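# Survey of secondary and tertiary structure
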Amino acid sequence: MDENLFQSARKTRETDVAVSIRVPGQGKAEVSTQVGFLDHMLTLFAVHGMFDLSVAATGDTHVDFHHTVEDVGITLGDALFAAVKDRTGFARYGNAVVPMDEALAEAAVDLSRRPYLVFEVPFVNQAVGGVETQLFREFFRAVVVRAQMTLHLRVPYGKNDHHMIEAVFKAFGRALAAALAPDPRVTGVLSSKGVL
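Quick summary incoming for the structure in this document.

Below, the discussion takes up the packing of aromatic side chains. For the structure on display, the rule yields 11 aromatic pairs. On the basis of an interplanar angle of 15° and a centroid distance of 5.1 Å, the ring pair of phenylalanine 45 and phenylalanine 172 is categorised as stacked. In this pair, phenylalanine 45 is assigned in helix α1 (residues 36-49) and phenylalanine 172 in helix α4 (residues 161-180), connecting sequence segments 127 residues apart. Of the two residues, phenylalanine 45 and phenylalanine 172, both sit in the buried class.

Next comes the structure, spelled out in structure tokens:
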């Protein structure tokens, strides 16, 4: 049994999603969601976070991409929730700043059990890579609610939507990897309350 491999699945009348993630991994990604640009972003998340990520999703993409993008976020969030288990021995916090040409993305993670998302990305266009830009907020909202984490994602400047969201996914991967890293100094949970 692989103690570092965490899996989740979700099947509705609209989507069928299966996710597995190895924490830590080697940055390997096998992603197929029927949404090509999301596949690209999830691959970047895995590679730069050094996770082994497998995502297989089918959905009603003939309607639009909303259900598939959101349900992939939900299922990934469920797998991450399993990865943090009882939240003991982890660094808990992680942050990363990633440049992508003219764009800069900042990500900060707290494995707090208090879901909260700050998403400040000044998209220029209504869509990037065929995906409505508003769906990225929905994706990350689904991840944080199901994983029970606080996540701040911010792009203080940038002009190209592809560069901005690519930097966001890379920064998220790196920040999450830092938060999930074992810290031998931490006994129990990292909290003055003794519980999260």
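An order of β5-β6-β10-β7 is seen for the 4 strands of this open sheet, with the pairing classed as mixed. Looking at the sheet topology across the chains shown, the edges are occupied by β5 (93-100) and β7 (116-120). Shown here is a sheet whose adjacent strand axes are inclined to one another by a mean of 10°, direction ignored. With 6 bridges connecting them, strand β6 (residues 103-110) and strand β10 (residues 150-157) associate as antiparallel partners.

Pairing in this open sheet of 4 strands is mixed, and the strands run β1-β2-β4-β3 from one edge to the other. Each end of this open sheet is capped by a strand with a single partner; those strands are β1 (5-11) and β3 (29-32). For this sheet the average axis-to-axis angle between neighbouring strands, irrespective of direction, equals 5°. As paired strands, strand β2 (residues 15-22) and strand β4 (residues 52-59) are joined by 8 bridges and run antiparallel to one another. By the bridge assignment for β4, threonine 15 is matched with glycine 59.

Now for unusual backbone geometry. Each neighbour pair has its own omega, and for valine 23 with proline 24 the value is -10°, a cis peptide bond. Tracing the backbone shows proline 24 in the loop between β2 and β3. For arginine 92, which is not a glycine, the phi torsion comes out positive at approximately 75°. Note that arginine 92 resides in the loop between α2 (66-84) and β5. Note on arginine 92: relative accessible area 8%, which makes it buried.

Calculation rules
- Residues numbered from 1 in each chain as written.
- Predicted model: local features only at pLDDT ≥ 70, side-chain atom pairs only at ≥ 80, totals over all residues.
- Heavy atoms only, no water.
- Phe/Tyr/Trp six-rings, centres within 6.5 Å; stacked < 30°, edge-to-face > 60°.
- Helix = DSSP H or I, 4+ residues; strand = E, 2+ residues; numbered from the N terminus.
- Buried < 20%, exposed > 50% of the residue type's maximum accessible area, 1.4 Å probe, protein only.
- Pairing = 2+ DSSP bridges.
- Axes fitted to C-alpha atoms, helices over the stretch in contact; angles between N-to-C directions.

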